[in-house]
Every structure is written in C-alpha cells, then in structure tokens.
Amino acid sequence: MELLKCCRILQRIENSIICRKRFHIERKCLNKLEAFKERLESGPQFDDFLREDAINEINKHLTKSEKSGNIAYIAKRSSIAPYIDKRVLDGKQRTVCIETYGCQMNVNDTEIAAKILRDYNYQIVNEVKDANIILLMTCAIREGAEHKIWQRLKYLRSMKQSANNVLKQVGVLGCMAERLKTKLIEKDKLVDIVAGPDSYRDLPKLLAINNLNAVNAVNVLLSMDETYADIVPTVTCDTNEENYLIESPERKLQTAKKAYVSIMRGCDNMCSYCIVPFTRGKERSRDLQSIVNEVKLLTKAGIKEITLLGQNVNSYRCLSDTQQKEEINSHNEYKLSSDGFRTVYKQKIGGLRFDTLLDSVAKVDEEVRFRFTSPHPKDFPSSVLHVINNHRNVCKLVHLPAQSGSNVILEQMRRGYTIEAYLDLVKKMRETIPNVGFSSDFICGYCGETEAQHEQTLDLIDKVKYNYIFVFPYSMREKTHAFHRHVDDVPKDVKNRRVKEVAEVFRRNALKLNEALLGTHQLVLVEGLSKRSNDHFVGRNDLNTKVIFPNVKVKDRTKSSLNDERNVAPGDYVVVEVHKCTSETLTGVPLFITRLADFQVN
Ligand code: 5AD
Ligand code: SF4
C-alpha cells in the first residue's frame, strides 16, 4: 500500500517536470512563431505569392508591350496558347452581372457565358449594384441598338469611378464586340474586355489578364465549328419584343417555364442589308444528339416550352466527320434551290436536316411545346411542313421573314425569292397545316425604296394577314453589300412614316384574325401573373398570342378525380374561352386545366 502511494507521488513529480519542460519548449516555439508572423506581415502576403505566380502564368500569353500595359492583349488565331493553370483563372467568387440586349440568340448566349463563368467560380448576380464585373451582351443589327450600348457604357464608367463602388471590370460581348473590336477599348477607357460571339470560352482568361496585369483584353476570333454544344445552360428567359434585360435567368426559368436551345450559329445568306454574317460568322450546326440531350434535360427540369434558336434554324444540317471532309473537297456549282428560292452559296446536300431534328425533339415529350426562330423562307421543303403538321406539340405559328413586298427591293436585298414564290409557299403551308399562322420581319426605307414599292409591302401584309410582325426602319451597316453598293437615300422621317403605315395595316388585319377567335376555346400555356393585375394570369396560345384570364379556381382534368378544382399555376395548360380581343391580346375565361395531348382544336 505504502509502495503504491510512493509510486503515485513520484509519477506526479515526473509529470510536473515534463509539463514545465514542455511549457518552456512551447513558449520558445510560440515566441519564434510570433516573430515569424511579424516578419511575414510586414513582407508579401501568401495571396501575393499566388498573385505573383498567376501573373507569371498569364504573362506567358502576353508580348512585351502587352505585359507593360502599353497595348491591349488581342487573341490571335496563329498563336498556340500555352496551358493555363485553372487556379489562375479562378473567379474567387467575384460577382458578375450580364445585361442582355437584342435578339433571343443573345439571351441564349448570355446563358452560355454565365455557365462558363460559373464553372470558373464566378458568381452570377442580377443587380448591377452588386457586381464586380458587368458584361453587356450586345447587338449590332441597327445603329439604334449600338447607340444604347454606348450610353450604357458611359454610365458604367462613372459608376466604376465613383468611390465605394464594387465595380471593377466592364466588358462588351456579342455582335458589337465583333464589329468594333479594339475601337471599344480605345474609346475613352469605357471597356476593359471584349469577347465576340465565338469567344465566350475565353472569358475567364480575358478577365484574368485584365485583372492581374491591368491590360485590356480582346478576343473576337470567329470560328468555323464553335457551337458550344457541350455547354448546357441551366437558365432561360422570357422575351419582351426587341430590347430586354435578363434580371434573373434562373428565376424566370422557374416561373415562365420556357427555354431556348441553340441549334446552329452563323449565317451564309449575305442579305445585302445585314451585318449578322460578319459578326456571327459562317453557318454551322450543332450535333443533333447534343440538342436532343439538352431538350431531355430541360423537360425533366419542368420546362414546358422550348424554342429552337439560330440565325437560320431551318438551314440546320448536321454532318458526320466524313461528310464534312467530303464537302470541303467537293466542287458543287451554285444551284437554284427548289420552288423558286435561290441561295448565294453552293447548294448544301446531305446530312441530317431540320425535319429530322424537329421530329426528334418533338418526340421527347408530347406535353412540351416547340417553337423555332428564325427561319428563312428558302428552307421549307414539304417534309418540314409535314413534321409541323404531324406533331400537336409543334406550334403552328411560322415565322416567315418577308422583308419587303417588292420584287425589285427583294432582288436588291439578295433575299433569293420573289413575292410570287413567297406567296406560293404561304399557300402550300396553309394547305398542309390547317390552323397555321404567320409572323414576319419587314424593313422600311431600304436604299432606293419608292412609295410604290412601299405600297407593295402594304399589299403583301393585307394578303397574308400576319398574326405578328416586327418592322424596322432601314439602318445602313458598314461591311454589308448595301454599304458598298447602294445609297441610303430614304429620309429618316419617310422611313418612320412607312414603319407606322406597315404597323397600321398589320394591326387592322391582326384584329380581324383575333376577332375570328371570339367564342373559341384556346389552349394556353400559363406564364405567370399579368403585369397589370395580380388577379389575372397571362399565357400564350399556340399562335403565340397573349391570352389574359382571371385567377380563379378551375377543374383540373389532368387528375384522375375530375372534380378536383384548383388555381392555375405557371406551366399549366389551360383551356380559355375567348370573350374579348385587341390586335395583340385575347381576354377570356379559364374553363379547365388539361394535358396538351388531350386538347381538341376547335
Ligand atoms: N436595318 C434594319 N433592319 C434590319 N434587319 C437586319 N438588318 C437590318 C438593318 N440593317 C432586320 C431584318 C431581320 C431582323 C432580325 O432585323 O428584318 O429579319
Ligand atoms: Fe441577316 Fe439575312 Fe442571315 Fe437573316 S438570313 S441573319 S437577315 S443575312
């Protein structure tokens, strides 16, 4: 017992000696650590070492003058870019707001750019005030569109210069970037980075170059094969006619239940007024399977309406690798297209065409609606018309951009058809697709357009009776055929007066079309609450006309118990009886919720 006591006492003494020793050692270490910390704090930080590394890595891509910041970094086709460590391109959760201007293609491109940046650890935000980086997805199709961007850039520069602002970088993306290239960075230090429509994959690098080296960075190279096929944006947006801003792509995906899927890029048509072939480059189609896969994903995510997008959707043509090689080696002569339609390029033969694609996507889910825009009248063979007619879920509104009702003007525009061929196509479509409707684009005051030629446009609108049209005053664009060969001689006020007259004739006819729908039952895909009143919902019918109806409980016929009543929600198909109309909207009473496949057209 005594021995055990002694042992315990000895053990305690030993522990205390060890503790004291340990205490001394720890103290020494702590002192050393403190001194090291002090030295470190007054010297470069850990982040600085990373930053140094990052700059060295980025410098591999820059010439001497670019490194010094004297000239901008401009991506060149010939340079084989060395590998960049992904950490250098890391966005470190910096916030990016992308504002979108122009067409639906730009909406889709915004989503592609956002997805690329998210993958590099950038955070996409909806509010300009929260953004470290603001990117403008721009349009160059008319002068007015560009003017708006210059104004916006001036505003953003003042924002960037104001104290306490988090905004550090401003970039221009899309068509205006391609058109103006370095002019954008030369002008009054408005822009830090520039990326053309085929350069969005380079965005993390351009932002890093500018951020680390304070050098402006530009990539406006156009590609022969970039389709961003592997980049599946998870976001979408609703359009508001010509110009709109995406505030929250994700939120709109959840509410409007609509999505865009890009199927091809670029254009080979070279209409004489149009800048698009220059800003977006050669026509190329996305692989069919990748499109079908994206459609499957979107339908799984609850999307109810998908619009297939491209500059010339119905010129879609997916080639295998061998077909592509054969094509490059072939020497086809320029040929006349069938049915009175011509092209300025060699006739393209073979490959999977638009009819196959449309048929394939429509089969993915019969409860999802499909639309497509923008097509060209030259690429509507009977097979496409039959696919449209055969699928209930392919909407029957066909966009058929006419541009003018005068054969002389159409010839000068190099549209490749006469009014007679156009009207024959309209007739053929009406015969093949009962309930078909048309929308169109028109340009007023093209070079040399006379009053008589303008009257012919009014006649055409009277004849076809469009459900919707877009009408633009002609705007001369550099680089185009018209810029080199024609004179922009129609005064501005005359162009604007003609635009008003075209709109007026359209409205008169559209009102008649809508009046004919009074009392009918329309299948409406619900988008959300009406902007004007929370007591009303808004949606669109098959022909894309806005339909407004009160937010009341209706029977849900998609359920087994047919007496179930509930309020409608975005994404529902509702049958609405039309009671009132204007030239652009229908108003009615909701009858019941249904499945698209169960709806019988009246
Ligand atoms: N001026 C006016 N409108 C134009 N469009 C294309 N280029 C111009 C231009 N230079 C119109 C055409 C086209 C639509 C997308 O824009 O109508 O179909
Ligand atoms: Fe422009 Fe004509 Fe091509 Fe349309 S088809 S993008 S109007 S060149």
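Look up: the structure comes first, before these words.
So, here's what we can say about the structure. All values derive from a computational prediction rather than experimental measurement.

Quick word on the pairing of strand S4 (residues 133–138)
Right, so step 1: Along S4, six of the six residues are buried, which leaves the element largely enclosed by surrounding structure.
Right, so step 2: The side-chain alternation of S4 yields two buried faces, one formed by Ile133, Leu135 and Met137 and the other by Ile134, Leu136 and Thr138.
Right, so step 3: As judged from the five bridges shared by strand S2 (residues 95–100) and S4, these two strands associate in the parallel manner. Bridge assignment links Glu99 to a residue of S4, and that residue is Leu136.
Right, so step 4: Of the strand pairs in this sheet, S4 and strand S5 (residues 169–174) are connected by six bridges, and their pairing is parallel. Considered in S5, the bridge of Leu135 is made with Gly171.
Right, so step 5: In this fold, the crossover linking S4 to S5 by way of helix H5 (residues 143–161) has right-handed handedness.

Some thoughts on H5
Right, so step 1: Its 19 residues place the ends of H5 28 Å apart at the C-alpha level, agreeing with the 27 Å of an ideal helix rising 1.5 Å per residue.
Right, so step 2: Within H5, burial applies to Ala145, Glu146, Ile149, Trp150, Leu153, Leu156 and Met159.
Right, so step 3: For H5, the secondary structure elements touched by its buried residues are S4, S5, helix H6 (175–180) and helix H7 (183–186).

Points about unusual backbone geometry
Right, so step 1: Looking along the chain, the bond that leaves Thr373 and enters Ser374 is cis, with omega of 5°.
Right, so step 2: Relative to the elements of secondary structure, Ser374 occurs in the loop between strand S14 (369–373) and helix H14 (382–390).
Right, so step 3: You will see that Lys92, though not glycine, has its phi angle at about 50°, which is positive.
Right, so step 4: Relative to the helices and strands, Lys92 is located in the loop between strand S1 (73–74) and S2.
Right, so step 5: Classification of Lys92 as exposed rests on a relative accessible area of 58%.
Right, so step 6: Despite not being glycine, Lys479 has its phi angle at roughly 80°, a positive value.
Right, so step 7: Here Lys479 lies in the loop between strand S17 (468–473) and helix H18 (481–485).

Notes on the packing of aromatic side chains
Right, so step 1: Taken as a whole, this structure holds 11 aromatic pairs when the rule is applied.
Right, so step 2: With a centroid separation of 5.2 Å and 70° between ring planes, the pair formed by Tyr468 and Phe470 is classed as edge-to-face.
Right, so step 3: Here the aromatic residues Tyr273, Tyr446 and Tyr474 are joined through ring pairs into a cluster of three or more.
Right, so step 4: Directly above the ring of Tyr120 sits Lys86, whose terminal nitrogen or CZ lies 4.7 Å from the centroid.
Right, so step 5: Note that Arg557 overlies the ring of Phe592, its terminal NZ or CZ placed 3.8 Å from the centroid.

Some details on the side chain of Ser262
Right, so step 1: Mapped onto the elements, Ser262 comes out in strand S8 (residues 258–262).
Right, so step 2: Judged by relative accessible area, Ser262 falls into the buried class, the value being 4%.
Right, so step 3: Setting aside chain neighbours within four positions, we find Ser262 in contact with Met105, Asn108, Arg286 and Leu309.

Description of the pattern of salt bridges
Working definition: two side chains of opposite charge can pair if their charged atoms are close together.
Right, so step 1: Inspection of every chain in the model, using the stated rule, returns 35 salt bridges.
Right, so step 2: Among the ionic pairs, Arg477 bridges to Glu146, the shortest N-O distance being 2.8 Å. Highlighted residues: Arg477 in the loop between S17 and H18 and Glu146 in helix H5, separated in sequence by 331 residues.
Right, so step 3: Under the relative-accessibility criterion, Glu146 is labelled buried at 5%.
Right, so step 4: For Asp359, the salt bridge goes to Lys363, with nearest N and O atoms at 2.7 Å.
Right, so step 5: For Asp359, a relative accessible area of 23% puts it in the partly exposed group.
Right, so step 6: Via salt bridges that share partners, Asp109, Asp198, Arg265, Arg280 and Arg284 belong to a single interconnected network.

Remarks on the sheet that holds S8
Right, so step 1: Ordered in space as S8-S11-S14, the three strands form an open sheet in which the pairing is parallel. At either margin of the open sheet sits one strand with a lone partner, and together these are S8 and S14. Within the sheet, the average angular offset between the axes of one strand and its neighbour, ignoring direction, is 25°.

Focus on the sheet that holds S4
Right, so step 1: Spatially, seven strands are ordered S1-S7-S6-S5-S4-S2-S3 in an open sheet, and the strand pairing comes out parallel. The open sheet has two free edges, formed respectively by S1 and strand S3 (123–124), since each of these has just one partner strand.
Right, so step 2: As paired strands, S5 and strand S6 (residues 193–195) are joined by three bridges and run parallel to one another. Looking at S6, one finds that Gly171 is bridged to Ile193.
Right, so step 3: The strands that H5 touches are S2, S4 and S5; relative to S4, the one it contacts most, it runs at about 180°.
Right, so step 4: Where helix H8 (residues 203–213) meets the sheet, it contacts S1, S4, S5, S6 and strand S7 (217–219), and its direction lies at approximately 165° from that of S6.

Considering the site of ligand 1
Right, so step 1: Taken together, Ile141, Arg142, Tyr273, Gln403, Asp441, Ile443, Phe472, Pro473, Tyr474, Ser475 and Arg477 make up the full set of residues adjacent to ligand 1.
Right, so step 2: At 3.1 Å from a nitrogen atom of ligand 1 is found a main-chain nitrogen or oxygen belonging to Tyr273.
Right, so step 3: Residue Gln403 places a side-chain N or O atom 2.7 Å away from an oxygen atom belonging to ligand 1.
Right, so step 4: Burial of ligand 1 by the protein chains amounts to 86% of its free accessible area of 410 Å².
Right, so step 5: Of all the secondary-structure elements, those providing two or more residues to the shell around ligand 1 are strand S16 (437–444) and S17.
Right, so step 6: Here the residues of the shell around ligand 1 sort into six nonpolar, two polar and three charged.

Parameters at a glance
Residues numbered from 1 in each chain as written. Chains lettered and ligands numbered in written order. Predicted model: local features only at pLDDT ≥ 70, side-chain atom pairs only at ≥ 80, totals over all residues. Heavy atoms only, no water. Buried < 20%, exposed > 50% of the residue type's maximum accessible area, 1.4 Å probe, protein only. Helix = DSSP H or I, 4+ residues; strand = E, 2+ residues; numbered from the N terminus. Pairing = 2+ DSSP bridges. Right-handed = clockwise from strand over helix to strand, strands pointing away. Expected span 1.5 Å × (residues − 1). Contact = heavy atoms within 4.5 Å. Phe/Tyr/Trp six-rings, centres within 6.5 Å; stacked < 30°, edge-to-face > 60°. Lys NZ or Arg CZ within 6 Å of the ring centre and 35° of its normal. Salt bridge = Lys/Arg side-chain N within 4 Å of Asp/Glu carboxyl O. Axes fitted to C-alpha atoms, helices over the stretch in contact; angles between N-to-C directions. Near = heavy atom within 4 Å. Polar contact = N/O pair within 3.5 Å; in protein donor to acceptor, adjacent residues only side chain to side chain. Areas by Shrake-Rupley, 256 points an atom, 1.4 Å probe, with all protein chains shown as cover. Nonpolar A, V, L, I, M, F, W, Y, C, P; charged D, E, K, R; others polar.

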